[in-house]
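# Commentary on secondary and tertiary structure
Here is what each chain is made of, one letter per residue.
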2 protein chains.
Amino acid sequence: MTEITTKDRLLDTAERLFAERGVKETSVRDITKAARTHLASVNYHFRSKNGLIRAVIARRIKPLNKRRFELLDSYIAEAGNKPVTVERILHALIAPSIELYLENPHFLSFAGRMISTPDKQLHRIFASQMDEVFSRIKDQLMLAIPDIPEKELMWRIHFTTGAIIHTWTNHADLEIRSGGICKIKDKEEVINELIAFCGAGLRA
Amino acid sequence: MTEITTKDRLLDTAERLFAERGVKETSVRDITKAARTHLASVNYHFRSKNGLIRAVIARRIKPLNKRRFELLDSYIAEAGNKPVTVERILHALIAPSIELYLENPHFLSFAGRMISTPDKQLHRIFASQMDEVFSRIKDQLMLAIPDIPEKELMWRIHFTTGAIIHTWTNHADLEIRSGGICKIKDKEEVINELIAFCGAGLRA
DNA sequence: ATATGTTTCATACGTACGTATGTATCATTT
DNA sequence: AAATGATACATACGTACGTATGAAACATAT
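In short, a report on the structure. Only a predicted model underlies this, so the values are computations on that prediction, with no experimental measurement involved. (Residues numbered from 1 in each chain as written. Chains lettered and ligands numbered in written order. Predicted model: local features only at pLDDT ≥ 70, side-chain atom pairs only at ≥ 80, totals over all residues. Heavy atoms only, no water.)

## Some details on the overall build of chain A
A tally of regular secondary structure across chain A gives nine helices and zero strands. Listed N to C, the secondary structure of chain A is α-α-α-α-α-α-α-α-α in terms of helices and strands. Within chain A, the proportion of its 204 residues that are buried is 53%. Considering only contacts within chain A whose residues lie at least 6 apart along the sequence, 68% involve residues at least 24 apart. For chain A, the computed accessible surface area is about 9,500 Å², with 52% contributed by carbon and sulfur atoms. (Helix = DSSP H or I, 4+ residues; strand = E, 2+ residues; numbered from the N terminus. Buried < 20%, exposed > 50% of the residue type's maximum accessible area, 1.4 Å probe, protein only. Contact = heavy atoms within 4.5 Å. Areas by Shrake-Rupley, 256 points an atom, 1.4 Å probe, with all protein chains shown as cover.)

## A short note on the protein's contact with DNA strand D
Among the 17 residues in the neighbourhood of DNA strand D, the closest are listed as V28, R29 and K49 of chain A together with T6 and H38 of chain B. A share of 51% of the atoms of DNA strand D within 4 Å of the protein falls on sugar and phosphate groups. Between DNA strand D and the protein, one listed contact pairs a phosphate oxygen with a backbone N or O atom of V28 of chain A at 2.8 Å. One nitrogen or oxygen atom from the main chain of K49 of chain A is found 2.8 Å from a phosphate oxygen belonging to DNA strand D. The set of elements that each furnish at least two residues to the surface near DNA strand D consists of α2 (28-34) of chain A together with α3 (41-46) of chain B. Here the residues of the surface near DNA strand D sort into six nonpolar, eight polar and three charged. (Near = heavy atom within 4 Å. Polar contact = N/O pair within 3.5 Å; in protein donor to acceptor, adjacent residues only side chain to side chain. Nonpolar A, V, L, I, M, F, W, Y, C, P; charged D, E, K, R; others polar.)

## Points about helix α4 (residues 49-79) of chain B
Helix length check: α4 of chain B (31 residues) gives 46 Å between terminal C-alpha atoms against 45 Å at 1.5 Å per residue, within 8%. Trailing α4 of chain B by a residue or two, G80 of chain B shows a phi angle of about 65°, which is positive. (Expected span 1.5 Å × (residues − 1).)

Okay, structure coming up:
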């Protein structure tokens, strides 16, 4: 509950409020009040509100992609000379995000929205990180399903991304609409459903 | 270029600026200035900024869903006693939105973002409209692919939605990343790719 | 114990915002 | 032509915002 430093408390609180209310809708005063510190602390620790936003993002995004690459590399090593299966490639892409979501839902609902933010600077932060991931995923998919033309593959990776991100941002609606039977808490189920859907879509 | 009434000019301008910059990031002053009218006109014609936001949404969302239902109904009639194919069901869901996007890209990139807005009131406007659509789409899909358990179907409709919305909001990234080969302007291609991907995913 | 660097805090500044008000202009009807 | 209602407009109010400043409290090291 109580974090060690003010700086961490600010990061945690900002992350939560950004997710719950939006970035523009959350004032520095809201954040510092909720973090039980003083107004000037954001400017002291992060230079500006924008600095805080960037710090919130930086804290989570690198570890997430690191985990994806670790998984992907392990599957590549495991497969030896043979291509990694589509399902394993998707698992490396999807599972780390769902795991992160269940550890800390705030960041990914925030991030999911920021991926389509009109703020070009913020958008670029996420887009550049995703480019790395897509590049590696695409390489592996081209080995796994070599018959799919590149153009088609790019569309399908795009749709896959959409399905994943929509799950970060809008699973609550699904839970309500499904009368509570589709829950993001069912981690394995979410991952398996995403992999089944996107896997079939990719091979289509 | 020049619209007939101030009211329409405000709607068009607001729609564009909301899409380009975001709702919170667009001030009433920005809108009225770009629409070449005076500050007070928003309050006069729409009561408040919030009223303007709602009017922008109302103008587009009903006709969009009307078109979807028209298509779906025509496919149902055409199929007679037999179930409508998955591909036709998806066509009724997808094609009207891509067509609207190409007529007026502003609304759907705005709407795509608003579907995951933390603003509960705004979110509800979109979510309630989508509930209607999902309900009818789901009924038809249950006839088309009766072997898929309901829970699984709901997940897959959710993923389908994600793929579509992500295309409204983030196709520009795909176009860049693909070196220009995947373009939303290729209407038939986008629709066909979406249908192929989601169709395969739904049947998986 | 004193000095030094770090963190906390109260407060102030300038700006931008949504909205309300009062008046002026225009169009329509009689 | 006069009256009436709709629209346009300039302007003011109060509030909320991000940031800056300078002093206070605290911790650490010598």
